[in-house]
Amino acid sequence: MSVQTIAMLVKLGAFLGILLTTIPVMVWVERRGGAMMQDRPGPNRLGPLGLFQPLADAGKFIFKEDILPSEADRFLYLLAPVLALIPAFSTYVVIPLGPTIEIQGEQVPMMVAPAETGVLLFLALASLGVYSLVVAGWASNNKYSLLGSIRASAQMISYELALTLSVVAVLLPVGSFRLDRVVEYQVDGVWNIIPQCIGFLVFLVAAFAETNRLPFDLPEAESELVAGYHTEYSAMRFACFFMGEYAAMTVLSALAATLYLGGWHLPGVDFASMGILGVVLGAAVLIAKVACFLFFFVWVRWSFPRFRFDQLMAIGWKGLLPLSIINLIWVAAASLAGWL
Amino acid sequence: MELAIFLIFGALAVVSALVVVLHRDPVKSTLSLVVTLFATAVLFLLLGAPFIGVLQVLVYTGAIVVLFLFVVMLLNLQREARSEGGGRLQRIFAILAAAAFAAMTGLTVWRWTTGADLGALDEGFVSLNALAAELFDRFLLPFEIIGLLLLVAVVAAYVLAKRPDPSSGADPGADSSTEATR
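Only a predicted model underlies this, so the values are computations on that prediction, with no experimental measurement involved. (Residues numbered from 1 in each chain as written. Chains lettered and ligands numbered in written order. Predicted model: local features only at pLDDT ≥ 70, side-chain atom pairs only at ≥ 80, totals over all residues.)

S.K.: So what exactly am I meant to see when it comes to the overall build of chain A here?
M.R.: Scanning chain A from terminus to terminus reveals 12 helices and 2 strands. Listed N to C, the secondary structure of chain A is α-α-α-β-β-α-α-α-α-α-α-α-α-α in terms of helices and strands. Scaling as 2.2 N^0.38, a compact globule of 340 residues should have a C-alpha radius of gyration of about 20 Å, and chain A matches this with 21 Å. With respect to the three principal axes, the spread of C-alpha positions in chain A is 60 × 45 × 45 Å. Taking all 340 residues of chain A together, 46% fall into the buried category. (Helix = DSSP H or I, 4+ residues; strand = E, 2+ residues; numbered from the N terminus. Rg over C-alpha atoms; globule rule 2.2 N^0.38 Å. Buried ≥ 20, exposed ≤ 12 C-beta atoms within 10 Å, placed from the backbone.)

Written out as structure tokens, the structure reads:
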């Protein structure tokens, strides 16, 4: 096997390992963090600080009854939870885990797919995430689920525009779709969050809407729609939606860290010259940044009430979209003038 | 390997396209369209045009068909009753479209048998830089005109969808156009 093939397998394993470890940790952080913010103990019986609670949750999901509603569309009903996992577990392929290093005279980039289309591939695969919600709600043959699906389709389209436009502004001065180039650009200059703070703000808000997290979780809005698109799902099929949501949060956080916070870069430290050690340390830095974003997701969830649907649309179309266009014009003018 | 991928996704594209046309449930038709577009995007990748393939998924699969689905679900369309034949105009256009498709397929097969090079597109034609240069240099005017056309379509859709406001009536232009569409 060539160096590239072995490196590819190692990278795939590393990414999958990180992603699959994040999910149970996030379940614990969400439950204990929420408890902390609401001044209650939270799950604290199982293991120190309740750390084994995710294991108990997983056991419950596996052994619960798997219900198929009698009037549901069987094929699509069973397909939807699988669709929920595909975008979340495929988009990470374009995110660089560390600097490009040289092994036995070959340049090995630290991303699974060093494709020229880079971040576009991420956005394309992520945009397929809406289908699991839509298919789940429609196939359940339940009016609350259907309402959740309709909301999901309108919401995802609206916020994808602002998200994509803020990403375009990041790529403009870099001149490439590849995320390792974006990181190299930030290593040479400053982190993008400084010249593009408006774009960062838009990206962050749109990321909440894209992952259906509070205050934008209108597709499941339990106070109006029971549980929205996944009302009828139980056991492992419900857990698939759950895992898909946390995995999507993780990869979107990694994208945000790579685009705006320098990815694996830490100012003053030259990871690129350290070889494999540099990759490991760079990955640790990236994971630390992702962890901050994930905590922010939890923090916001337990701090803000849900928006109304008309407010959601107004924020997306009248707030975020004009802001992202202003940001794009500013970045375009600044790069033309040679400031960026 | 490449042949296997082509066969799988080519067959998938054809079968799902047939489902789009033949299935009587509008939601399932629309979902098959998603599969068709995705399979075609994979074929673009095989042809050496990754940018077009990714754009196809991003724009068509990820956005436009979601809007189709949104409208279909919002209108709560029922299973379509089997109609016999369709209109006369529809039949004429169907025959014309089928003839055009047959002519293009025949032309491709003819060129292949006469030994023309039908391999993957070269880098200078499909790379991002080349595409951008073509679009914003040689085809700048058509590109801008299409932008204007889309803007007109958006304004027209807005005027059509706007509810007539009985209390004001300050905008006679919009009112008369909504009247005309009824």
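S.K.: What is the right way to look at the overall build of chain B in this model?
M.R.: For chain B, the helix and strand inventory stands at 8 helices and 0 strands. Counted from the first residue to the last, chain B has its helices and strands arranged as α-α-α-α-α-α-α-α. Taking contacts inside chain B between residues at least 6 apart in sequence as the whole, the part at least 24 apart equals 48%. (Contact = placed C-beta atoms within 7 Å.)

S.K.: Explain helix 5 (residues 130-139) of chain A here, please?
M.R.: Every α-helix winds through 3.6 residues per turn, so residues three or four apart in the chain are directed the same way. Of all 10 residues in helix 5 of chain A, 10 are buried, a share of seventy percent or more. Buried-residue contacts for helix 5 of chain A involve helix 3 (74-88), helix 6 (143-174) and helix 10 (235-260) of chain A together with helix 2 (26-46) and helix 3 (50-75) of chain B. Asn141(A) occupies a position one or two residues after helix 5 of chain A and carries a positive phi of about 55°.

S.K.: What is the right way to look at the packing of helix 1 (residues 3-37) of chain A against helix 10 of chain A in this model?
M.R.: Working note: a packed helix pair is described by the angle between its axes plus the distance between those axes. Residue and element names in this part refer to chain A. In the contact formed by helix 1 and helix 10, the axes pass within 9 Å of each other and the chain directions differ by 110°. Relative to helix 10, the element helix 1 is oriented roughly perpendicular. Where helix 1 crosses over helix 10, the two elements pack in a sense that is right-handed. The segment helix 1 lies against helix 10, with Leu19, Thr22, Ile23 and Met26 engaging Met243, Tyr246, Ala247 and Thr250. Considered class by class, the residues forming the contact of helix 1 with helix 10 number 6 nonpolar, 2 polar and no charged. (Axes fitted to C-alpha atoms, helices over the stretch in contact; angles between N-to-C directions. Parallel < 35°, antiparallel > 145°, perpendicular 65-115°, else oblique. Left-handed = near helix turned anticlockwise from the far one by under 90°. Nonpolar A, V, L, I, M, F, W, Y, C, P; charged D, E, K, R; others polar.)

S.K.: What exactly am I supposed to notice about the interface of chain A and chain B here?
M.R.: How big an interface is tends to be stated in terms of the accessible area lost upon association of its parts. Counting residues at the interface gives 22 residues for chain A, matched by 18 residues for chain B. Residue assignment for the side of chain A that touches chain B shows that the elements contributing at least two residues are helix 4 (118-126), helix 5 and helix 6 of chain A. By residue number, the principal contributor to the side of chain A that touches chain B is helix 6 of chain A, which donates 8 residues. Across the side of chain A that touches chain B, the residue classes tally to 16 nonpolar, 4 polar and 2 charged.

S.K.: Where do I start with the packing of helix 6 of chain A against helix 3 of chain B in this structure?
M.R.: At a closest axis distance of 10 Å, the pairing of helix 6 of chain A and helix 3 of chain B adopts a crossing angle of 150°. One element, helix 6 of chain A, and the other, helix 3 of chain B, form an angle in the roughly antiparallel class. Handedness of the helix 6 of chain A/helix 3 of chain B crossing: left-handed. Contacts from Leu146(A), Ser149(A), Ile150(A), Ser153(A), Ala154(A), Met156(A), Ile157(A) and Glu160(A) of helix 6 of chain A reach helix 3 of chain B at Ala63(B), Val66(B), Leu67(B), Leu69(B), Phe70(B), Met73(B) and Leu74(B). For the contact of helix 6 of chain A with helix 3 of chain B, the residue count by class is 12 nonpolar, 2 polar and 1 charged.

S.K.: It is not clear to me how the environment of Gln196(A) should be interpreted in this structure. Could you clarify?
M.R.: Residues and elements named next belong to chain A. As for its placement among the helices and strands, Gln196 is situated in the loop between helix 7 (179-188) and helix 8 (197-210). For Gln196, a count of 25 C-beta atoms within 10 Å gives the class buried. Along the chain, Gln196 and Asn141 lie 55 residues apart, while their C-alpha atoms are 45 Å from each other. Those residues in contact with Gln196 that sit more than four places away from it in its chain are Ala169, Val170, Asn327 and Val331.

S.K.: Is there a simple way to explain unusual backbone geometry in this structure?
M.R.: What is expected of a backbone is that most residues other than glycine have negative phi and most peptide bonds are trans. All names here are of chain A. Of note in the backbone geometry, Leu49 takes a positive phi value of approximately 60° without being a glycine. Relative to the helices and strands, Leu49 is located in the loop between helix 1 and helix 2 (53-63). Among the residues examined, Leu49 registers 12 C-beta atoms within 10 Å and is labelled exposed. One non-glycine residue, Asn141, adopts positive backbone phi at about 55°. Tracing the chain through its elements places Asn141 in the loop between helix 5 and helix 6. Accessibility expressed as a C-beta count within 10 Å gives 15 for Asn141, which makes it partly exposed.

S.K.: Looking at this structure, I do not really get helix 6 of chain A. What am I missing?
M.R.: All names here are of chain A. An ideal rise of 1.5 Å per residue puts 46 Å on 32 residues; helix 6 measures up with 47 Å between its terminal C-alpha atoms. Counted residue by residue, helix 6 has 25 buried out of 32 residues, so it is predominantly covered. Remark: Gly175 follows helix 6 within two positions and exhibits a positive phi of approximately 80°. (Expected span 1.5 Å × (residues − 1).)

S.K.: Would you mind showing me how to read the environment of Asn327(A) here?
M.R.: Residue and element names in this part refer to chain A. Examined against the element boundaries, Asn327 turns out to sit in helix 12 (residues 309-336). Spatially, the C-alpha atom of Asn327 lies 9.7 Å from that of Val170, the residues being 157 residues apart in sequence. When near neighbours in sequence (up to four residues on either side) are disregarded, Asn327 contacts Ser166, Ala169, Gln196, Ile198, Gly199 and Val202.

S.K.: Help me understand the confidence of the model for chain B in this model?
M.R.: Close inspection of predicted coordinates is inappropriate in any region flagged by low pLDDT. Residues and elements named next belong to chain B. Per-residue confidence for chain B gives a mean pLDDT of 80, with 78% of residues at or over 70. Mean pLDDT in chain B bottoms out at helix 8 (residues 172-181), which sits at 44, and peaks at helix 7 (residues 140-161), which reaches 91. Under the prediction, the complex receives an ipTM of 0.79, its pTM being 0.83. (pLDDT = per-residue confidence, 0-100.)

S.K.: What am I meant to see in the environment of Gly87(B) here?
M.R.: Residues and elements named next belong to chain B. The topology assignment puts Gly87 in the loop between helix 3 and helix 4 (88-113). Note on Gly87: 9 C-beta atoms within 10 Å, which makes it exposed. Residues Gly87 and Tyr60, 27 residues apart in the sequence, show an inter-C-alpha distance of 29 Å.

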